[in-house]
Structure formats: C-alpha cells, structure tokens
Amino acid sequence: MKKNWLQILFHFAKEHKFLFIWSILFSVLSVFAGIVPYVIGARLIAMIVMKQKSYQEFIALFGLMLLAFVLKTIFYGISTKLSHHAAYNTLNNLRNAITNRLMLTSLGIVKHFSAGSIKNAILDRTEEVEIPLAHMIPELSANILLIIVTVIYLFILDFRLALSALLTIPLASIPLFLLMRNFEAKYQAYMQANNEVNNVMVEYIEGIEVIKTFNQTGSSFRKFSSAVTGFKDYTLDWLRTAWKTQNLVFALLPFTLLGVLPVGIWLYLDGSLNLNQLLLGLSLAIGLSSPLNKLSLFANDFSAMKQSVIDTQRFLELPVLVFNKKEIGQVIDNSVEVANVDFSYTSSTPVLTGINLKIPNNSFCAIVGPSGSGKSTLLQLLTRFWDIQTGSIMIGNVALQDLTLHQLNSIISYVTQDSFIFKGTIADNIRMGNPNATEKEVRAAARAARCMDFINKLPQGFQTEISFGNGQLSGGQQQRLSIARAILKDAPIIILDEPTASIDLENEQQIQESLLKLTKNKTVIMVAHRLGTIKNADQIIVLDTGKIVGHGKHAELLESCPTYQRLWASYTQTEGWHIDNH
Ligand SMILES: Nc1ncnc2c1ncn2[C@@H]1O[C@H](COP(=O)(O)OP(=O)(O)OP(=O)(O)O)[C@@H](O)[C@H]1O
Ligand SMILES: [Mg+2]
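Residues numbered from 1 in each chain as written. Chains lettered and ligands numbered in written order. Predicted model: local features only at pLDDT ≥ 70, side-chain atom pairs only at ≥ 80, totals over all residues. Heavy atoms only, no water.

**Things to note about the packing of helix H1 (residues 5-13) against helix H12 (residues 275-316)**
- The geometry of H1 relative to H12 is characterised by a closest axis approach of 9 Å and an angle of 80° between their N-to-C directions. On the basis of their axis angle, the class for H1 and H12 is roughly perpendicular. Between H1 and H12, the residues in contact are Trp5, Ile8, Leu9 and Phe12 and Phe302, Met305, Lys306, Val309, Ile310, Gln313 and Leu316, respectively.
- A breakdown of the residues in the contact of H1 with H12 according to their chemical character gives nine nonpolar, one polar and one charged. (Axes fitted to C-alpha atoms, helices over the stretch in contact; angles between N-to-C directions. Helix = DSSP H or I, 4+ residues; strand = E, 2+ residues; numbered from the N terminus. Parallel < 35°, antiparallel > 145°, perpendicular 65-115°, else oblique. Contact = heavy atoms within 4.5 Å. Nonpolar A, V, L, I, M, F, W, Y, C, P; charged D, E, K, R; others polar.)

**Points about the side chain of Asp311**
- Position of Asp311 among the secondary structure elements: in helix H12.
- Notably, Asp311 is buried but unbridged: the nearest opposite-charge side chain belongs to Arg125, and the N-O separation is 4.0 Å.
- In contact with Asp311, other than residues within four places in its own chain, are Arg125 and Met191. (Buried < 20%, exposed > 50% of the residue type's maximum accessible area, 1.4 Å probe, protein only. Lys, Arg positive; Asp, Glu negative; His and termini not counted. Salt bridge = Lys/Arg side-chain N within 4 Å of Asp/Glu carboxyl O.)

**Here's the deal with the sheet that holds strand S4 (residues 390-395)**
- Taken together, the four strands give an open sheet; going across it, the order is S2-S1-S4-S5, and neighbouring strands pair in antiparallel fashion. Each of the sheet's edge strands pairs with one partner strand only, and the pair in question is strand S2 (352-359) and strand S5 (398-399).
- Where strand S1 (residues 336-343) and S2 come together, five bridges link them in antiparallel fashion. Across the sheet, the residue bridging to Val338 is Leu357, located in S2. (Pairing = 2+ DSSP bridges.)

**Some thoughts on the environment of Ile310**
- Within the secondary structure layout, Ile310 lies in helix H12.
- When its relative accessible area of 31% is taken as the criterion, Ile310 is described as partly exposed.
- For the pair Ile310 and Asn4, spaced 306 residues apart in sequence, the C-alpha to C-alpha distance is 8.3 Å.

**A closer look at helix H13 (residues 375-382)**
- Burial analysis of H13 places eight of its eight residues in the buried class, which makes it a mostly covered element.
- Of all the residues in H13, the buried ones are Lys375, Ser376, Thr377, Leu378, Leu379, Gln380, Leu381 and Leu382.
- A positive phi of about 60° marks Arg384, the residue just after H13.

**Here's the deal with the sheet that holds strand S10 (residues 523-527)**
- Across the sheet, six strands lie side by side as S6-S9-S10-S3-S11-S12; this open sheet has mixed pairing. Of all the strands in the sheet, the pair left with one neighbour each is strand S6 (412-415) and strand S12 (547-552). In this sheet, neighbouring strand axes are inclined to one another by 15° on average, regardless of whether the strands run parallel or antiparallel.
- Note that strand S3 (residues 364-368) and strand S11 (residues 539-544) share four bridges and pair parallel. From the neighbouring strand, Val368 faces S11, where its bridge partner is Val542.
- Running over the sheet, H13 touches S3, S6, strand S9 (493-497), S10 and S11 and is turned about 155° from S9.

**Re the site of ligand 1**
- The local shell around ligand 1 holds 13 residues, among which Ser371, Lys375, Ser376, Thr377 and Gln417 are the closest.
- Between ligand 1 and Gly372 there is a distance of 2.8 Å, counted from an oxygen atom to a backbone nitrogen or oxygen.
- Ser373 places a polar main-chain atom, nitrogen or oxygen, 3.2 Å from an oxygen atom of ligand 1.
- Protein burial of ligand 1: of its 630 Å² of free accessible surface, 61% is covered by the chains.
- Here the shell around ligand 1 is composed, by residue class, of three nonpolar, eight polar and two charged. (Near = heavy atom within 4 Å. Polar contact = N/O pair within 3.5 Å; in protein donor to acceptor, adjacent residues only side chain to side chain. Areas by Shrake-Rupley, 256 points an atom, 1.4 Å probe, with all protein chains shown as cover.)

**Looking at empty space enclosed by the protein**
- Applying the stated criterion to the full structure yields one cavity of 30 Å³ or more.
- Counted as a void, the largest cavity has a volume near 30 Å³.
- Leu176, Leu179, Met180, Gln246, Val249, Phe250, Ser296, Ala299 and Asn300 are the residues that line the largest cavity.
- Elements supplying a minimum of two residues to the lining of the largest cavity: helix H7 (168-181), helix H10 (217-252) and H12.
- Residues of the lining of the largest cavity, tallied by class, amount to six nonpolar, three polar and no charged. (1 Å grid on protein atoms, 1.4 Å probe; cavity = no way out; pocket = protein on both sides within 12 Å on 5 of 7 lines; lining within 4 Å. Points joined across faces, edges and corners; volume = space filled by probe spheres on them.)

**As for the domain arrangement of the protein chain**
- As assigned here, the protein chain comprises domain 1 (5-167 + 256-316) and domain 2 (336-421 + 482-580).
- Distance from the C-alpha centre of domain 1 to the C-alpha centre of domain 2: 62 Å. (Domains from an automatic or database assignment.)

**Regarding the packing of helix H3 (residues 55-104) against H12**
- Between H3 and H12, whose axes approach to 9 Å, the crossing angle comes to 35°. Touching Leu94, Ala97, Ile98, Arg101 and Leu102 of H3 are Thr312, Phe315 and Leu316, all from H12.

**Looking at unusual backbone geometry**
- Of note in the backbone geometry, Arg384 takes a positive phi value of approximately 60° without being a glycine.
- Of note, Arg384 is situated in the loop between H13 and S4.
- Of note, the phi angle at Arg450 is positive, near 60°, even though the residue is not glycine.
- Take Arg450: it is sitting in the loop between helix H16 (439-448) and helix H17 (452-457).

**Details of the pairing of S4**
- As paired elements, S1 and S4 share five bridges and run antiparallel to each other. Bridge pairing links Val336 to Ile395 in S4.
- Pairing analysis gives two bridges linking S4 to S5, with the strands arranged antiparallel. Its bridge partner being in S5, Met394 is matched across the sheet by Ala399.

**Overview of the layout of surface pockets**
- Empty space within the second largest pocket amounts to approximately 480 Å³.
- When residues in the lining of the second largest pocket are grouped by element, the largest group, seven residues, is from H10.
- Classifying every residue of the lining of the second largest pocket gives nine nonpolar, six polar and three charged.

As structure tokens, this is what we get:
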C-alpha cells in the first residue's frame, strides 16, 4: 500500500521522537510564559485605571512580567535547539534512505532520472522539510494548546467574548481557502521549473567540454539562462497572484480585536463584565494574535513540506532488485552459465535474444561484436545491474537471483566501459577495490595494471589528490586505475568491458599479460575491440544484433564465422594502418 506523506515523515522522525517530545514540552512552557505578560498587563492597567497605588504590587508584577519574558525566551531557545537537532537527524535518515534506494534499484531506473533531479531530491527537496519540521511540530502544538486554553478561559469570562475573539477565523478562512485551492498545482509547477534549472545546470557543467569544443557557449548559456529566467518568471507570477489573498489572511487572522473590542465594550456597558474582566479579555485576545499569526504562516509551510515529501516519495518507492537475505546456495566454482536469456530495455525492442553460453571454471572468455550488438548489456546482466526477463544465469551452479548481495559483490569484480574516478587520492581510488588492502597490495595492483609510470610522475605519487569525474588523468590512465581497482579486489570472476580501449599498444600488451596471469585461478570475461589481444582466449563469443553468431577459438572462428571474419579483417586493416603511420 502506498504510504501517505505524513506516514513517510513520521517513519523517519520516529527514531527521534523523544527529542521532538521534549521540544514540544519546552515550546508549551515558552508560549505559556509568553501569555503571562498579557495577563499581568491587564492587571497593571486595571490598577492604574482604578487608581490603586500599591507600589509593592506594581514592582512585583513588573518583575514577574520580566521573568516570564526571560523564561519564554530561554524555553523557546531550548525547544528550537532540540527540534532542529531532531529535524536534521530526520533529514539525514530521509537522505540516506533515498541514496540507499538508488543503490538497490536497477541501474536502468536510476539512469532514467537526470543527475539534476536526483541531486534536487536528495539535497534541496529534503532541506525544505527541515524548517517546517523543526518549527511546526513544537510551535504548532504549543500554539494550538495556547489558543485552546485561552479560548476556554475567555468562555469562562463570557461566552460572547470568547466567540467574538474567534470571529476572524471564519473571516480569514475565505481568502485562505482561495489561496490553498490551487496551491498544490502551482507548487508542482514551481518545482518543475526548479527541477528544470537544476537539470540544465548539471548538463551545462557536465557537458562543458562538448559545449566548448563545438563553440556552443552562446546557445548553451541561453538554454541555461532561459531556464533560470523561466523559474524567476514563474515564481514572480505566482507571488503576484497570491500576494493579495495571502496578505489578507496574514492581516485578518491575528486581528482578534476586530470582534473582541466592540463586543467587550458592549458587555462592559451592559454590566455583564467588570473592568478587570474587560481588560483581561482584551489583553488575552491580543495575546491570541501571535499564535494565530503562526497558524497562518504554518498553513503555507505545511503544504510546502507535503509537496517536498511527495517529491522524494517517488525515489523512496523505486522498485528494488530483490536479493536473498541468507545464502541459500553454495557457489562451487567460478563457472558462468547463461541459458535462453532474452532481454530488452524497453518492451518494444529486444537487445539480446536466445543467449546460451558456458564459461568454464577459471577460463578466459572474450566477447566481441560490432558496436551496439549488446556486449555491455550482456556483462551488465551478469553483474545484475539489470534483471533478466527470461532464461537463467548461473554462477558456480547457483542462480544469480539466489545470491545475496554480499555474495555477488565478493564473487564479481567489474570494470565498466567508462571508468569513474572519485575525488580523493590515487591510493584511495585503487583501494575502493578492497578497503582493507595494505599499501604493498595497492602498489602491486597498480604495478600489474601498468599504473606506476604515470603515478611516479605525479607530484605526490600515490597520495596525489585527484578530482572526481576525469580529473587530471588521461583516459588511458583512468582505465588503468580502474583495472588496478579490480585486480586489488581479487574477486574470483573478473568482468571487463573494453578495459584497454584508450590504452596504447605497449601498455595494453603488458596489462593483458597481467590479466592472463590472474586467470590462473580466476574466470575472466572481457569485451574487446582490438582482436589481437584476445587471440589466445580459451573461448571467444561473437555477438551480432543481440544474438550469438559464433563461439570457439580464434582459429575456428576465422574459418566458420562471417561476422568474426569481418571484425578481424577490419582490425588487421586498422592495425596495419597504425603500423604504416608509425
Ligand atoms: N540504458 C539503455 N536503455 C535503452 N537502450 C539501451 C541502454 N543501453 C544500451 N541500449 C541499447 O542496447 C543496445 C546494445 O547496447 P550495448 O551497450 O550493450 O552495446 P555494445 O555491444 O556494448 O556496444 P559498444 O561496442 O558500442 O560498447 C544498443 O542498441 C543500445 O542502444
Ligand atoms: Mg559496450
């Protein structure tokens, strides 16, 4: 069942409920201390009007008034400190839950969202929950309580006086209703405009190389600036339509004297109230304005918070890949078997059809094929970035879906087609493969992946800081780092997607040697474009438009597989071209 937004919020806040409760208690103390000066004020005025000259009482009352004011301020401070603490912790839980969910869902779904909209949900949308959460829970509860208590007291004085103090509530409800009527639709449109700015901004920054290369700075900047202007126009437009009703609510709701003053005077003249009672009634009614004012402010905050939580909800409820919690199968070796697998990203176009292959324990399997034939897709099915729709994939005789996440992660090491470098030192980046690795092991992995030549040239060697994305490293250097990462991980099955595409021939050959050494007790599955490097593979799988059109050793395929013959011919031509040009 879909949770409603309040349930979601309470779910993340409940861990900190005691902080919230304490914060409410202090807030109640603060608002009640806040009403004391009004009661004393009424008493003081009554004393003056009735010419009672008791200086002692006057000073005592004045002192009490000051004390109440100081207490109110202190209690309010404690209450907000506690509630901000609780609110930020709640936010933290919410943010972690979204990030977690993104990790557990299939990659296809994550990639469906733009980086801007994910960042927006995790950072900005959740942040908008903080202020309302921190202020609304304690202050709203305390202020509502204060309104109730004050109104009950007014009822005790005279029910007509009490009713007249509440007169502004029905009056302000009319513009409030008008204001809130379209709020959700408007707020959604506002968020959409905001998302658009975020998306265009992230795209602009991520694509800055392309934009500069193609000299598109003018048009790209226009796209960015028009998104910003669109956002500004929308916000101003919304404000323009809302300001009249909004101000009417803000002005009307706290204006309790509107009813209380004429009714109070009438009741006084009528003899139903004495002067003391009248002054107390008027003073309490004025004291009601501040909590009523808060109520009208919270009405806005409440809706904004609701929309923000709903906005994060779509991330919190993304479908997750189901993993077994407990190991149910024992992986017996490093073999991989794919049987009758079909796969498509969208229902209309199949990307892989009828895939059957067996990769024996500790063998080297190469996958080749034209661009777009489905090589990366096949690897990503093996690593469970996506779930297969039909057929089965077995690893060491256990179905892929039966492995726990931990099992899968420790069995497979995967080097993707585009290597990603994180902000941190070179050593940190390699150590991602195995956080517990010693310095010696990190160095050995770097050596095997032929990283030493460039690491030695960096100012601080392994301790050089690099920025995330591509940083200061060349494409080939980044690839070598991610190979080092995979080598360090030392998983029994290594899957590599064109790991050496941007690496020069000399380094490539040496990396191949390192990888081959690894295959002594590991299974290696590698997509390769330069066929020369995989000639010695135990098995070569040839993919074409999502089907396996050949498998076997190099020599066999050269004889029997037309796609392989074509790939080989084009490879030898380019390599020949290389040699000619040297
Ligand atoms: N996330 C995705 N959503 C939809 N279609 C996709 C997605 N990723 C790949 N495709 C499509 O699936 C097909 C196979 O893509 P894949 O990346 O597996 O090819 P490839 O053989 O690895 O190509 P290359 O050699 O260029 O890396 C292509 O037609 C591609 O357009
Ligand atoms: Mg690919």
